[in-house]
Every structure is written in structure tokens, then in C-alpha cells.
Amino acid sequence: FHYFEIRPLERKYNSLKGAYGDLNVSWEITDVTYNEGQTFTAETFNTTLMILQLNRKIPVFTMEKEGVFEKIFDRVMAFTGYKDIDFTMYPDFSNKFLLMGNNEEEIREFFTDDIIRFFENHQIYHLESNGEALIIFDKIKLARTDETIAFIEYGEELANLLGGKTS
């Protein structure tokens, strides 16, 4: 996943694994510790993330809340070929989310009306696809029990929605 290419994972712990029934989608929720920055200025962060293993090909993309930090991140990502993909038919979605990827056409095909509406109506997470799995996390903090349960429910709804999606 692109997010952790420049933020090396130091540790993975408190792992919870499962699968969503007949969807052929497995999931893992885990706490991770990672560093950001250079040797003497590196900061250590702990967060809880979810990995949805979709067992099918989907476009490679990143999606997160639109904001000031993301505007700077957008400029950095532009150098790697990524750019913000907006949907004129869905201005609320485009204003809420920074969606980036190399293959804009594939990403536009993947983000159907149902998928866009799902994201518009649910909590905003950092979401990233590596082509066959999704990594999802919220804040740079460890999740409480109720947040972990919400993660599982969110993942199941998303997996159901993506159940018939192939690329």
C-alpha cells in the first residue's frame, strides 16, 4: 500500500481476523506502529487499520478526506502520476474526498453510483487499494471496542457492495 511505502511499519499487534460469509472476502483488523520522518526527526504513530482482502482485481487508488493537508499531499502525489479525480455528477462526493490513482478511466468505472453514495453517507476514512485488497483506517489512534465493531460493520457493508464488482 502506498501510504506505508514511505512510512515503514515497525510492529503489528492485536490482530483480529474473519471473513464475510459467502462474499469470498476476508478481513483483518490490527493495531500497527509506524514511523514518519527521517532518523532524528521521526515521529512514531499508532493506529488501528482494517484490510479487506477482496480476492478480485480492482483499480489501484487512494481516497481520503479532502482538506488542507490533503491539498499538499495532492501536490506531492501529482509527481507520482496521481491526480485528484472529481465526479461532476457528484459534487458532494468530490468536495468530501480526495480520490487519486493512475488509471482514471478504470477508477471512474469502478466508482458506480452505489459506491459513491455509500461513501457519501458513511464515515470518512483513509481508504487505499493495492489492486486486490483495501486498507482502511480513520485517525492516527488506536480504536476502542465500539470503533472496532463499527469497522467490522463498515467492512461488511462495503464488501457486500463490492461483491459483484470485478475489473
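The structure this text deals with has already been given above.
Reading guide: rules and limits
Residues numbered from 1 in each chain as written. Predicted model: local features only at pLDDT ≥ 70, side-chain atom pairs only at ≥ 80, totals over all residues. Heavy atoms only, no water. Helix = DSSP H or I, 4+ residues; strand = E, 2+ residues; numbered from the N terminus. Expected span 1.5 Å × (residues − 1). Buried < 20%, exposed > 50% of the residue type's maximum accessible area, 1.4 Å probe, protein only. Arc of directions from axis to C-beta. 1 Å grid on protein atoms, 1.4 Å probe; cavity = no way out; pocket = protein on both sides within 12 Å on 5 of 7 lines; lining within 4 Å. Points joined across faces, edges and corners; volume = space filled by probe spheres on them. Nonpolar A, V, L, I, M, F, W, Y, C, P; charged D, E, K, R; others polar. Pairing = 2+ DSSP bridges. Axes fitted to C-alpha atoms, helices over the stretch in contact; angles between N-to-C directions. Parallel < 35°, antiparallel > 145°, perpendicular 65-115°, else oblique. Left-handed = near helix turned anticlockwise from the far one by under 90°. Contact = heavy atoms within 4.5 Å. Salt bridge = Lys/Arg side-chain N within 4 Å of Asp/Glu carboxyl O.

Attention now moves to helix 5 (residues 145-162). In an α-helix, one turn spans 3.6 residues; hence positions three or four apart end up facing the same way. If you check helix 5, its first and last C-alpha atoms are 26 Å apart, about what 18 residues at 1.5 Å a residue would give, namely 26 Å. Buried within helix 5 are the following residues: E147, T148, F151, Y154, G155, L158, A159 and L162. Projection of helix 5 onto a plane perpendicular to its axis shows the buried side chains occupying an angular sector of 135°, all on one side.

Across all of its chains, the model carries one cavity of 30 Å³ or more by this definition. Considering only enclosed or pocket space, the largest cavity measures out at about 30 Å³ in volume. Taken together, L23, V25, L54, R56, A159, L162 and G163 make up the lining of the largest cavity. Residue classes in the lining of the largest cavity are distributed as five nonpolar, one polar and one charged.

Moving on, we come to the sheet that holds strand 4 (residues 61-65). Judged by pairing direction, the sheet is antiparallel, and its eight strands sit side by side in the order 1-2-3-8-7-4-6-5 without closing on themselves. Strands with a single pairing partner mark the edges of an open sheet, and in this sheet they are strand 1 (9-20) and strand 5 (83-84). Here strand 7 (residues 126-129) runs beside strand 8 (residues 133-137); their pairing, made up of four bridges, is antiparallel. In the strand pairing of strand 8, L127 is matched with I136.

Okay, the layout of surface pockets next. Taken as a whole, the second largest pocket spans an internal volume of roughly 230 Å³. Looking at the second largest pocket, it is lined by 15 residues, and the ones nearest its centre are Q123, Y125, D138, E147 and A150. By residue number, the principal contributor to the lining of the second largest pocket is helix 5, which donates six residues. The residue makeup of the lining of the second largest pocket, split by class, is six nonpolar, three polar and six charged.

What follows covers the packing of helix 4 (residues 113-120) against helix 5. When two helices pack together, their arrangement is given by the angle between their axes and by how far apart the axes lie. Between helix 4 and helix 5, whose axes approach to 10 Å, the crossing angle comes to 165°. Between helix 4 and helix 5, the crossing angle belongs to the class labelled roughly antiparallel. You can see that helix 4 and helix 5 cross each other, and the crossing is right-handed. Where helix 4 abuts helix 5, its residues D114, I115, F118 and F119 lie against Y154, E157, L158, L161 and L162. In the contact of helix 4 with helix 5, the residues fall into seven nonpolar, no polar and two charged.

Counted under the stated rule, the structure contains eight salt bridges. A salt bridge links K12 to E28, with the shortest nitrogen-to-oxygen separation between them at 2.8 Å. Within this pair, whereas K12 is found in strand 1, its partner E28 is found in strand 2 (residues 25-36), the two being separated by 16 residues in sequence. With a relative accessible area of 12%, E28 lands in the buried category. A salt bridge links E147 to R144; the shortest N-O distance between them is 3.5 Å. The class for E147 is buried, based on a relative accessible area of 18%. Taking relative accessible area as the criterion, R144 reaches 48% and is therefore assigned partly exposed. Members of the salt-bridge network, linked through shared partners, are K141, R144, D146 and E147.

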